[in-house]
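# Observations on the three-dimensional arrangement
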Amino acid sequence: LVGTIQMEAVVSTQSTGSASFLGYVGLLTAVKQPLFTLTINERFNKEGGFIGIYNWIMGDRSAQWMGFLTRDVMTNANSYSEAKDMLMKKELLAPAYYILGGNSTGEGVVITRSLKKVEDVQSLNITEGRWYLLQTNYDPWEDCPFYDDRRTPGNICVKQWGQENFGFKSLFNVLTTKPNLNKLTVYTSLMSVRDEIQTWLQDCKTPCTPW
């Protein structure tokens, strides 16, 4: 049984909304209006979370759980640049992709993290034609495996819509079209740094790829 909950909190003039699981005290997907949006993607890496967990069990508490770091960023960062800095500097218990969006042109980044350092940073750059960033569960500089290439159809869908026509409707279409929607898809969230967060619990009906 999987349940999701959408939450909101208001502190001063800033509103924070998030999508999470019942009973989970970290954050996976959240928006801090009107400053930034943030979500996590799992990263498959040989230096995986089992190493971080082992170190944590053995008493090394220098690293953070990635969902707890997200919560700390949403609580303490007061700008896009502060959020980006926190996500790049803290040690983690597991590798991850952090996808961060801001409220100004060009403020959008995918941060590829290992346990102790930043492996790569992909940034929006309108003048160079990078008006969007697409991240699945594989390193951007590597080819996706043939059995789980969601990047190629995702890019095709985005480019078919085009920058001028892109919004919540087209983004939802990309995220909920197979194979981006598969048996491992739990929920889909759309976020606007100025307006809202919308979340749907997903169930990919058979026939549907397992990943």
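Just above, that's the structure.
These lines cover the structure that appears in this document, whether it is placed above or below. Here the residue numbers are simple positions, counted from 1 along each chain's written sequence. Restriction of local features to residues with pLDDT of at least 70 applies here, the model being predicted, together with a cutoff of 80 or more for giving and counting side-chain atom pairs; totals for whole chains, interfaces and linings are based on all residues. Side-chain figures throughout are based on the complete set of non-hydrogen atoms in the structure, without hydrogens or water.

## So, the state of the cysteines
Put simply, a disulfide is two cysteine sulfurs that come within 2.5 Å. One pass over the structure, following the stated rule, counts 1 disulfide. In this model, Cys204 is linked to Cys208 through a disulfide, with the two sulfur atoms separated by 2.0 Å. Between Cys204 and Cys208, the S-S dihedral sits near 105°, and the bridge is therefore right-handed. Here Cys204 and Cys208 have matching classes, each one buried. In this structure Cys144 is a free cysteine whose sulfur lies 14 Å from that of Cys157, the closest cysteine sulfur available. Here the term buried applies to any residue with accessible area under 20% of the maximum for its type, exposed to any over 50%, and partly exposed to those in between, with areas from a 1.4 Å probe on protein chains only. For Cys144, a relative accessible area of 15% translates into the label buried. The thiol sulfur of Cys157 is not disulfide-bonded, and the nearest other cysteine sulfur, from Cys204, lies at 14 Å.

## Some points on the packing of helix H2 (residues 66-76) against helix H3 (residues 80-89)
Note on geometry: axes are lines fitted to C-alpha atoms, helical ones only across the stretch in contact, with angles between N-to-C directions running from 0 to 180 degrees. Runs of E in the DSSP output that reach at least two residues are strands. Runs of H or I that reach at least four are helices, and both are numbered from the N terminus. Two elements in contact, H2 and H3, have axes whose closest approach is 10 Å; the angle formed by their N-to-C orientations is 155°. One way to sum up the angle between H2 and H3 is to call them roughly antiparallel. Between H2 and H3 lies a crossing of right-handed hand. Of the residues in H3, those in contact with Leu69, Asp72, Val73 and Asn76 of H2 are Glu82, Ala83, Met86 and Leu87. Of the residues assigned to the contact of H2 with H3, the class counts are 5 nonpolar, 1 polar and 2 charged. Each angle receives one of four descriptions, namely roughly parallel if under 35 degrees, roughly antiparallel if over 145, roughly perpendicular if within 65 to 115, and oblique otherwise. Rotating anticlockwise by less than a right angle from the far helix to the near helix defines a left-handed crossing, while the corresponding clockwise rotation defines a right-handed one. Should any heavy atoms of two residues lie within 4.5 Å, those residues are counted as being in contact. Classification convention: Asp, Glu, Lys, Arg as charged; Ala, Val, Leu, Ile, Met, Phe, Trp, Tyr, Cys, Pro as nonpolar; all other residues, Gly among them, as polar.

## Describing the pairing of strand S3 (residues 29-33)
By the criterion of burial, S3 is predominantly enclosed, with 5 of the 5 residues buried. What you see with S3 is no split at all: Thr29, Val31 and Gln33 on one side and Ala30 and Lys32 on the other are buried throughout. Here 4 bridges tie S3 to strand S4 (residues 36-42), and the two strands are oriented antiparallel to one another. Of the residues in S4, the one forming a bridge with Thr29 is Thr39. Strand pairing follows a simple DSSP-based rule, namely that at least 2 bridges must link the two strands. Hairpin connection from S3 to S4: 2 residues lie between these consecutive antiparallel strands.

## Notes on a nonpolar patch on the surface
Without a salt bridge and with relative accessible area above 30%, a residue can belong to a patch; like charges are then joined within 9 Å and nonpolar side chains (Val, Leu, Ile, Met, Phe, Trp, Tyr) within 5 Å. Per-residue accessibility takes into account occlusion by the displayed protein chains alone, with areas from the Shrake-Rupley method and a 1.4 Å probe. For this analysis, a salt bridge means a side-chain nitrogen from Lys or Arg found within 4 Å of a carboxyl oxygen belonging to Asp or Glu. Together, Phe146, Tyr147, Leu184 and Trp211 make up an exposed nonpolar region whose accessible area comes to about 550 Å². Tracing the backbone shows Tyr147 in the loop between strand S7 (118-123) and helix H4 (151-161).

## Some thoughts on the pattern of salt bridges
The full count for this structure, using the stated rule, is 6 salt bridges. Across the salt bridge formed by Arg43 and Asp139, the nearest N and O atoms sit 2.8 Å from each other. With Arg43 in the loop between S4 and helix H1 (49-57) and Asp139 in the loop between S7 and H4, this pair connects stretches of sequence that are 96 residues apart. The residues Arg43 and Asp139 share a single accessibility class, namely buried. Where Asp203 meets Lys205, a salt bridge forms, and the shortest distance between an N and an O atom there is 3.0 Å. Both residues of the pair, Asp203 and Lys205, count as exposed.

## Digging into the environment of Asn55
Take Asn55: it is sitting in helix H1. Separated by 38 residues in the primary sequence, Asn55 and Leu93 place their C-alpha atoms 8.5 Å from one another.

## Points about the pairing of strand S5 (residues 96-101)
Consecutive residues of a regular strand have side chains that alternate between opposite faces of the sheet. With 5 of 6 residues buried, S5 is to be regarded as a mostly interior element. Both S4 and S5 contribute to a ladder of 6 bridges, which runs antiparallel. Paired with Leu38 across the strands is Leu100, a residue of S5. Across 6 bridges, the pairing between S5 and strand S6 (residues 108-113) is antiparallel. Looking at S6, one finds that Tyr98 is bridged to Ile111. Joining the antiparallel neighbours S5 and S6 is a turn of 6 residues, in which Gly106 adopts a positive phi near 90°.

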